[in-house]
Amino acid sequence: MRCLIVTPPMIQLNTPYPATAYLCGFLRQHAAGLQLQVTQADASIELFLRLFSAPLITRMAGELRRRARSAGRAQVPVAIAHFLEHADRYAQTVEPAIRFLQRRDPSLALRIVGRAFLPEGPRFAQITEEALHEAFGTLGTTEQARYLASLYVDDLADVWRIGIDPRFELARYGERLAASAASFDPLQTALDAEPTLVDEALDELTAEMLAAQKPDVVAISAPFPGNVYGAFRMARHIRAALPHATLVLGGGWVNTELRALREPRVFDYFDYVTLDDGERPLLNLLKRLRDGATPLVRTYLRRDKQVVFEHDATQHDIPQRDTGIPTYDGLPLNRYVSVLEMLNPMHRFWSDGRWNKITLAHGCYWKKCTFCDVSLDYIGRYDKPGTDVVMSRIRALIEETGETGFHLVDEAAPPAGMRALAQQLVSEKLAITWWGNIRFEKSFNPELCALLARAGCVAVSGGLEVASDRLLKLMKKGVTVEQVARVTRAFTDAGIMVHAYLMYGFPTETVQDTVDALERVRQLFAAGCIQSAYWHRFAATAHSPIGLDPQAYGITLRPPANITFAHNDVAFDDPTGTDHDFLGQGLRKALYNYMHGVGLDVDVREWFEPQVVAQRAGAKRRRSGSRRLAAANAVPATTVPPTTVPPTTVPPTTVPHDLIERCLA
Ligand code: SF4
């Protein structure tokens, strides 16, 4: 039996998503007993490379020209008009530019920084020669060229999205069709519609994949909503081309959103849908396909036109010690594309570099945060494989890939596990570079941070969420602002960069809470405790403590829709009445500037008043040349849309101006 495990489009471009590598490594342990051949494919990078190739760029230009002729020139968006004017140059340069971003043609950097090689569309409007020089100096040619080539890729992605298929983005495809989609109808309608050029490219590469692999079983793992449309589109093509193949759907999105699946039409595309860790359900399913008798574990199927769920509760999940060694065998490791879209040294970790992915543990050892899906298996079931197993996986992955960069993709890596790993790396003198997600625990003291740095840790990310002790307590985060200040300082003093996940819109959060949280974040940047951050808007999810007990947090959930398909975010009313849409604009603008070292001495209220921000940003530019690029990149000051709720008055912060300094004293 041949089993093909697939990542559907679209997801990160710089490195494979790890699910197929883990499942492939696990199933190969059982290959002999099941007479099984297991292979894997990444349709996401394959679709990207196909769309960003000379033949597809030429096809896109042809289609856009036809449309422009019938629409009339005045109707053509700026990005499309620019592309059509330079379409031949785009077709000539796209493959060299992608090869350069794959690090396969470094000498091209010198031509790219000359600024006459790549056509430059609207995304380049934000940069100036002088600003580039300030950011990269005279010797940073390669980095500068990667930044320019990344803007070029962004321009082309805009053309694909605006001109051909509005669902297409570099890291997601058709996301809205699946995210918390109570009904299957929109996805079905999209799948039945006239295919776009992106759809056609995906169909073509699916056909080639099938011809090369000839699978009996295809297991598609959809980690996020942005992979679901691609998963179903591929499944439809596979169904038509290989009617006897068995199709299975699993992955992070399924585990989170399909827990109440009642939609029989899903099984027009897939024979089985599995929940939670895929190892046990997939192993049992493959045995069942062979012997017809093995019980299924956490698996939906359709019987008599109804969705049924089969689960043999006597079977346990595979312990983390026994899931084997992940393998990237079969994936095109030298064809992943590193992009550098933002001039922030920490932010680039997510899009730049080919990281091997490992975990120190399954689930989260804390599992208390009230906004988090702690009732689900991927958070709630904590299982450590042990440092010896982690080390053997690290050694094996270095051996297989030749790469020594590792991303710890734990929900929150345990400090004790990190210490043990660091001690082992140091004692074995194994030189690797790694980063990962943590909680800002007080056990990360200067001594531990120094050890982690010595062992190759270069960056950490962690949740500060709403930087307010009242709200941190309500969310049971288990940290305080003072603790976060001390821990992040310990990391940065050790030379480890820090990214903070921030949140706004939490139940009962007032305008004052938000302004004060921004002031604390400002001070953390100014004190050099954090180098990068991102604001997430709070969402009440069905499987979080807040979603399960909203009254305890002062909110009311709106009556649920008739859910037959996906279920995750739940609409709610918060009587506090804060206009989080308005505040979110200012928060993002402030953060963007802070990450470029701009505006750190500006009163935080000014980010919420667009015109004033523009003047102050200009003032900073005049005072400090080194900050020009960031100010040029800043989110435009006029993007705040009209709002239907009463205007928000932004009060001054109540936070002492030296709060973080005092925490660190
Ligand atoms: S938010 Fe992070 S630390 Fe909190 S329970 Fe979830 S995974 Fe654990």
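Here the structure is shown first, and the text comes after it.
Residues numbered from 1 in each chain as written. Predicted model: local features only at pLDDT ≥ 70, side-chain atom pairs only at ≥ 80, totals over all residues. Heavy atoms only, no water.

Side note on the overall build of the chain
Summing up its helical and strand segments, the chain has 26 helices and 17 strands in all. For 665 residues, the compact-globule estimate of 2.2 N^0.38 gives 26 Å, and the C-alpha radius of gyration of the chain, at 25 Å, lies within 12% of that figure. In terms of overall dimensions, the chain has C-alpha extents of about 75 × 60 × 60 Å along its principal axes. Buried positions account for 58% of the 665 residues belonging to the chain. Summarising the internal contacts of the chain: among those between residues at least 6 apart in sequence, 79% fall at separations of at least 24. Surface exposure of the chain reaches about 26,600 Å², of which carbon and sulfur atoms provide 52%. One finds the centroid of the 73 positive side-chain charges in the chain at a distance of 2 Å from the centroid of its 75 negative side-chain charges. (Helix = DSSP H or I, 4+ residues; strand = E, 2+ residues; numbered from the N terminus. Rg over C-alpha atoms; globule rule 2.2 N^0.38 Å. Buried < 20%, exposed > 50% of the residue type's maximum accessible area, 1.4 Å probe, protein only. Contact = heavy atoms within 4.5 Å. Areas by Shrake-Rupley, 256 points an atom, 1.4 Å probe, with all protein chains shown as cover. Lys, Arg positive; Asp, Glu negative; His and termini not counted. Charge placed at Lys NZ, Arg CZ, Asp CG, Glu CD.)

Quick look at the site of the ligand
Every residue close to the ligand is listed here: C364, W366, K367, K368, C369, F371, C372, V374, I379, E411, R439 and K477. Residues that form the shell around the ligand fall into these classes: seven nonpolar, no polar and five charged. (Near = heavy atom within 4 Å. Nonpolar A, V, L, I, M, F, W, Y, C, P; charged D, E, K, R; others polar.)

Some details on the packing of helix α17 (residues 415-428) against helix α18 (residues 446-454)
Close contact between α17 and α18 brings their axes to 9 Å; oriented N to C, the two are set at 45 degrees. Overall, the two elements α17 and α18 adopt an arrangement that is oblique. Crossing geometry of α17 relative to α18 is assigned as left-handed. Facing P415, M418, R419, A422, Q423 and V426 of α17, the residues of α18 in contact are E447, L448, L451, L452 and R454. Grouping the constituent residues of the contact of α17 with α18 by class yields seven nonpolar, one polar and three charged. (Axes fitted to C-alpha atoms, helices over the stretch in contact; angles between N-to-C directions. Parallel < 35°, antiparallel > 145°, perpendicular 65-115°, else oblique. Left-handed = near helix turned anticlockwise from the far one by under 90°.)

Topic: the packing of helix α4 (residues 54-71) against helix α9 (residues 141-164)
The interhelical angle for the contact between α4 and α9, taken along N-to-C directions, is 40 degrees, at an axis separation of 11 Å. When the axis of α4 is compared with that of α9, the two are oblique. For the pair α4 and α9, the sense of crossing is left-handed. Facing L56, I57, M60, E63, L64 and R67 of α4, the residues of α9 in contact are L156, V159, W160, G163 and I164. Tallied by class, residues from the contact of α4 with α9 come to eight nonpolar, one polar and two charged.

Honestly, it's all geometry; don't read function into it.
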